[in-house]
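Descriptive structure summary
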Amino acid sequence: MNTKILFPIIFLLVTSLSFSQGFKEKREKVKALKVAYITEQLDLTTDEAQKFWPIYNAFDEKQSELRHEKMRAILDRFKPGNVDKLSEKDASNSLIQMEKIEEDLFNLKKKFIKDLQSVISAKKIIKLKKAEEDFNKELIKQIKLKRKKE
């Protein structure tokens, strides 16, 4: 299917998600659309897809956990007015914690790329990065459009 046709279809589906659905259901639908989009953009063979998706899903889940951990640490400590109340020691500990999470994310990404290299070509790994960015940009664009209409 042509990308020029697929993009509008995918994002029409994303924007048509009803408000009555729970967040988890919406997230699952977006994930399914992302899987379809990435599969098409990478032009994965059946064999590649069978090896690729378990690696990708494990990476995505771990990355999500680390990002949530980082956000919890930031949100808990940096609510309005809380920064001024932090002791220098607490601020230093927060920086250390954030650096550790960033390092974990970096190491996770390095491992992900290394794992993928045994499954798909370097060119497809670069296409994956572009496909993820394009999907996310379009998703954000569609969310903004939807909010303007409300």
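So, how was this worked out
Residues numbered from 1 in each chain as written. Predicted model: local features only at pLDDT ≥ 70, side-chain atom pairs only at ≥ 80, totals over all residues. Heavy atoms only, no water. Core = buried A, V, L, I, M, F, W, Y, C linked by side-chain atoms within 4.5 Å. Buried < 20%, exposed > 50% of the residue type's maximum accessible area, 1.4 Å probe, protein only. Helix = DSSP H or I, 4+ residues; strand = E, 2+ residues; numbered from the N terminus. Contact = heavy atoms within 4.5 Å. Phe/Tyr/Trp six-rings, centres within 6.5 Å; stacked < 30°, edge-to-face > 60°. Salt bridge = Lys/Arg side-chain N within 4 Å of Asp/Glu carboxyl O. pLDDT = per-residue confidence, 0-100. Axes fitted to C-alpha atoms, helices over the stretch in contact; angles between N-to-C directions. Parallel < 35°, antiparallel > 145°, perpendicular 65-115°, else oblique. Left-handed = near helix turned anticlockwise from the far one by under 90°. Nonpolar A, V, L, I, M, F, W, Y, C, P; charged D, E, K, R; others polar.

Our next topic: the nonpolar core. Core analysis: the largest hydrophobic core is formed by 24 residues, its most contacted members being Ile38, Phe52 and Leu128. Only helix 2 (23-42), helix 3 (46-77), helix 5 (88-117) and helix 6 (122-149) provide two or more residues apiece to this core. Counting residues per element, this core draws most heavily on helix 3, which supplies six residues. Ignoring sequence-local partners within four residues, the contact set of Phe52 consists of Ile38, Leu42, Leu44, Leu116, Val119, Ile120 and Leu128.

Our focus in this paragraph is the packing of aromatic side chains. As enumerated under the stated definition, the model contains six aromatic pairs in all. With centroids separated by 5.9 Å and ring planes inclined at 40 degrees, the aromatic side chains of Tyr37 and Phe135 adopt a geometry described as tilted. Highlighted residues: Tyr37 in helix 2 and Phe135 in helix 6, separated in sequence by 98 residues. A ring pair is formed by Phe52 and Trp53, whose centres lie 4.7 Å apart and whose planes are at 85 degrees; its orientation type is edge-to-face. Given the relative accessible area of 12%, Trp53 is considered buried. Taken together, Phe52, Trp53, Tyr56, Phe59 and Phe112 form an aromatic cluster joined through their ring pairs.

So, on to unusual backbone geometry. Backbone geometry at Asp43 places phi at a positive 50 degrees, although glycine is not the residue there. With respect to the helices and strands, the residue Asp43 is situated in the loop between helix 2 and helix 3. Taking relative accessible area as the criterion, Asp43 reaches 59% and is therefore assigned exposed.

On to the pattern of salt bridges. With the rule as written, the count across this model stands at seven salt bridges. A salt bridge links Lys124 to Glu48; its shortest N-O distance comes to 2.8 Å. Note that Lys124 is positioned in helix 6 and Glu48 in helix 3, a separation of 76 residues in sequence. Taking relative accessible area as the criterion, Glu48 reaches 16% and is therefore assigned buried. The salt bridge involving Lys111 is made with Asp115; its shortest N-O contact spans 2.7 Å. Of this pair, Lys111 and Asp115 both sit in helix 5, four residues apart, which is roughly one turn of the helix.

Mean pLDDT over the protein chain works out to 83, with 80% of the residues at or above the 70 mark. Mean pLDDT in the protein chain bottoms out at helix 1 (residues 3-15), which sits at 52, and peaks at helix 5, which reaches 92.

The subject of this paragraph is the packing of helix 2 against helix 6. Think of two packed helices as two axes; the pair is described by the angle between the axes and how far apart they sit. Where helix 2 contacts helix 6, the two axes come as close as 9 Å, and the packing angle between them is 140 degrees. By the criterion of interaxial angle, the relationship of helix 2 to helix 6 is oblique. The hand of the helix 2/helix 6 crossing is right-handed. Across from Val30, Leu33, Lys34, Tyr37, Ile38, Gln41 and Leu42 in helix 2, the residues of helix 6 making contact are Lys124, Lys127, Leu128, Ala131, Glu132, Asp134, Phe135 and Leu139. Its residues placed into classes, the contact of helix 2 with helix 6 shows nine nonpolar, one polar and five charged.

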